[in-house]
Amino acid sequence: MPAQEKPLSNTMRLHEYQAKALFADADVPTPSSALATTVEETVDAARELGFPVAIKAQVHVGGRGKAGGIEIAADEAEARTAAEDILGMDLKGYRVERVLVEEAVEFTDELYVGVTMDRGEGRPVAMVSSKGGVDIEQVAEEDPDAIAREHIDPAFGMYPYQARKAAYRAGVPAEVARSVASVLSTLYDVWETNDASEAEINPLMVTADDEVVAADGVLNIDDDALFRHPDLADMEEEAAEDDLERRAGEYDLDYVRLSGNVGIIGNGAGLVMTTLDLVDYYGGAPANFLDIGGGADAERVENALELVFSDPNVDAVVFNIFGGITRGDEVAAGINNALENFDELPKPLVVRLTGTNAEEGRALLTDRVDTEETLEAAVKRAIERAEEVAA
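Residues numbered from 1 in each chain as written. Predicted model: local features only at pLDDT ≥ 70, side-chain atom pairs only at ≥ 80, totals over all residues. Heavy atoms only, no water.

### With respect to the pattern of salt bridges
Put simply, the rule reads: A side-chain nitrogen of Lys or Arg and a carboxyl oxygen of Asp or Glu constitute a salt bridge if their distance falls within 4 Å. Only DSSP runs of H or I covering at least 4 residues are called helices, and only runs of E covering at least 2 are called strands; the numbering of each starts at the N terminus. For each residue, the accessible area found with a 1.4 Å probe, counting protein chains only, is set against the maximum for its type, and the residue is called buried under 20%, exposed over 50%, and partly exposed in between.
Per the counting criterion, the structure on display carries 22 salt bridges. Among the salt bridges present, the one from Glu306 reaches Arg247, with a minimum N-O distance of 2.6 Å. Highlighted residues: Glu306 in helix H11 (residues 298-309) and Arg247 in helix H9 (residues 243-251), separated in sequence by 59 residues. Across the pair Glu388 and Arg385 runs a salt bridge, and its minimum N-O distance is 3.2 Å. With a gap of 3 residues between them, Glu388 and Arg385 both fall in helix H14 (residues 375-390), about one helical turn apart. Here Glu388 falls in the partly exposed class, since its relative accessible area comes to 49%. Taken together, the shared-partner salt bridges connect Glu16, Lys20, Lys56, Arg64, Glu102 and Asp216 into one network.

### Brief notes about H14
Where we set the bar: The span expected for a helix works out to 1.5 Å for each residue beyond the first. Of all possible arcs, the one meant is that of the directions from the helix axis to the C-beta atoms. Contacts were defined at the residue level, with two residues in contact if any of their heavy atoms lie within 4.5 Å.
In this model, H14 (16 residues) spans 22 Å end to end at C-alpha, consistent with the 22 Å of a helix rising 1.5 Å per residue. Within H14 the residues assigned to the buried category are Leu375, Ala378, Val379, Ala382, Ile383 and Ala386. Each buried residue of H14 sits inside an arc of 135 degrees when the element is viewed along its axis, so together they form one side. In this fold, the buried residues of H14 make contact with strand S15 (262-266), helix H10 (269-281), strand S17 (316-323), strand S18 (349-355) and strand S19 (370-372).

### Some words on the domain arrangement of the protein chain
Which entries qualify depends on this criterion: Start and end points for every domain follow an automatic or database-based domain assignment. Two parts placed together each lose some accessible area under a 1.4 Å probe, and adding up what both lose gives the buried area. Within 3.5 Å is the distance limit for a polar contact, defined as a pair of N or O atoms, with the added protein rule that one can donate a hydrogen and the other accept it, and that residues adjacent in sequence qualify only through two side-chain atoms.
Domains assigned within the protein chain are domain 1 (11-29 + 106-233), domain 2 (33-103) and domain 3 (243-390). Domain 1 and domain 2 are separated by 25 Å when their C-alpha centres are compared. On the side of domain 2, 10 residues touch domain 1, which itself brings 8 residues to the contact. Both sides together, the interface formed by domain 1 and domain 2 hides about 820 Å², and carbon and sulfur atoms give 43% of it. If you sort the residues of domain 1 by the area they bury against domain 2, Arg13, His15 and Tyr17 come out on top, with a joint share of 63%. On inspection of domain 1 and its partner domain 2, the count reaches 4 salt bridges. Between Arg64 and Glu16 there is a salt bridge, with the nearest N and O atoms lying 2.9 Å from each other. On the surface where domain 1 and domain 2 come into contact, there are 10 residue pairs in polar contact (both at pLDDT 80 or more). With 3 residues, the single largest contributor to the side of domain 1 that touches domain 2 is helix H1 (residues 16-25).

### Digging into the environment of Val134
Here Val134 shows up in the loop between strand S9 (123-129) and helix H4 (136-142). Owing to a relative accessible area of 42%, Val134 belongs among the partly exposed residues under this scheme. Every residue in contact with Val134, bar those within four places of it in the chain, is listed here: Val139 and Asn202.

### Examining helix H6 (residues 174-193)
Given a rise of 1.5 Å per residue, 20 residues ought to cover 28 Å, and the 29 Å separating the end C-alpha atoms of H6 matches this to within 8%. Within the sequence span of H6, burial applies to Val176, Ala177, Val180, Ala181, Val183, Leu184, Ser185, Thr186, Leu187, Tyr188, Val190 and Trp191. Trailing H6 by a residue or two, Asp195 shows a phi angle of about 50 degrees, which is positive.

### A closer look at the sheet that holds strand S4 (residues 70-73)
Rules: One bridge is not enough; two strands pair if DSSP finds at least two bridges between them. Helix axes are fitted to C-alpha atoms over the stretch in contact, other axes to C-alpha atoms as well, and angles between N-to-C directions run from 0 to 180 degrees.
Spatial strand order, S2-S7-S3-S4: 4 strands in an open sheet with antiparallel pairing. At either margin of the open sheet sits one strand with a lone partner, and together these are strand S2 (33-36) and S4. Across the sheet, the mean angle from the axis of one strand to that of its neighbour is 20 degrees, orientation sign disregarded. Examined bridge by bridge, S2 and strand S7 (residues 99-103) share 4 bridges and lie antiparallel to one another. Opposite Leu35, over in S7, you have Leu100 as the bridge partner. Each of S2, strand S3 (53-57) and S7 is contacted by H1, which is oriented at about 45 degrees to S7, the strand it contacts most. Sitting on the sheet, helix H2 (residues 39-49) touches S2, S3 and S7, and the angle it makes with S7 is about 15 degrees.

### A few points about the environment of Glu330
One can find Glu330 in helix H12 (residues 328-339). In this structure Glu330 comes out as partly exposed when scored by relative accessible area, which is 27%. Considered as a pair, Glu330 and Asp297 are 33 residues apart in the sequence and their alpha carbons are 6.0 Å apart.

Below, the structure is given as structure tokens:
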């Protein structure tokens, strides 16, 4: 989804198989599939579905195909090999425990449809693009006109003409435009009914018979609305397999993992959000939201750093502290304590300290970290260091 529209609040992210089950219940066309947790279960499911099949890792990361997490199997031997390769693999920091085995779709075109909340407009927005099957954020950056958007009045819902308008404006072929519009309307209904923050199908595949099939699915639910959806709340433990988020819970840290490479730590949700937005504004990609809270002591700071350092996607970290209840010298002590556990600094660390005891804190900090006086300078420096590491 376009970066400016990406939800940054805490959400429960469903796995692909969970999202597509909800889509199928709403009559969105989806391939026949089965979930498997072992090699034998994978082979049995593939045999029952009929070859060829797609075998897909069920983890919360993008780019699974390029990372080896999706394979097409034409026969039983290939299905076994794919299952052995994917199950148990480390995929961008996630251990693969389950795979979705589904009928492979023969397609002639790939589209994108999605619904999220446009924070700038304060209204839901439905989106269609003829450039499906690729990172939609990249499309938004390189060719924003390729994404057709329709803002929706939540009091009335999505009118059928809006869905058709979005499909036609996106350049969807006339033969499938009405089918795409129907899927978009249904997707909005799923988004609204389930109090979702984001719903998308990428790609929505077009077959030679001019039918459309949801080959992938994303559905993220607003945590604050789960009390209204006990059926979805029951999925939470199964959906949230991320080890980092589990460890953050053990540390009692407010942490949300994102998909970028610049780690972010701060004291106070507003400060962290500001840092996150600046990373995005200056061309970086936030890797997480981590709020250590007010009055954080050295141990809490050490836990936060250890957590972010252990994310394999992070190439650099920006630590933004405004001293009030949290004193700058306490933060500096926590940073130094954390770094004593490493012979070499795991990731470049840029620290911005201001407020109570900020000068004392900067004086205490080891020369192994970069320090900046302003938030803008710290963010820019962290992005530069991340680019150096990634190069």
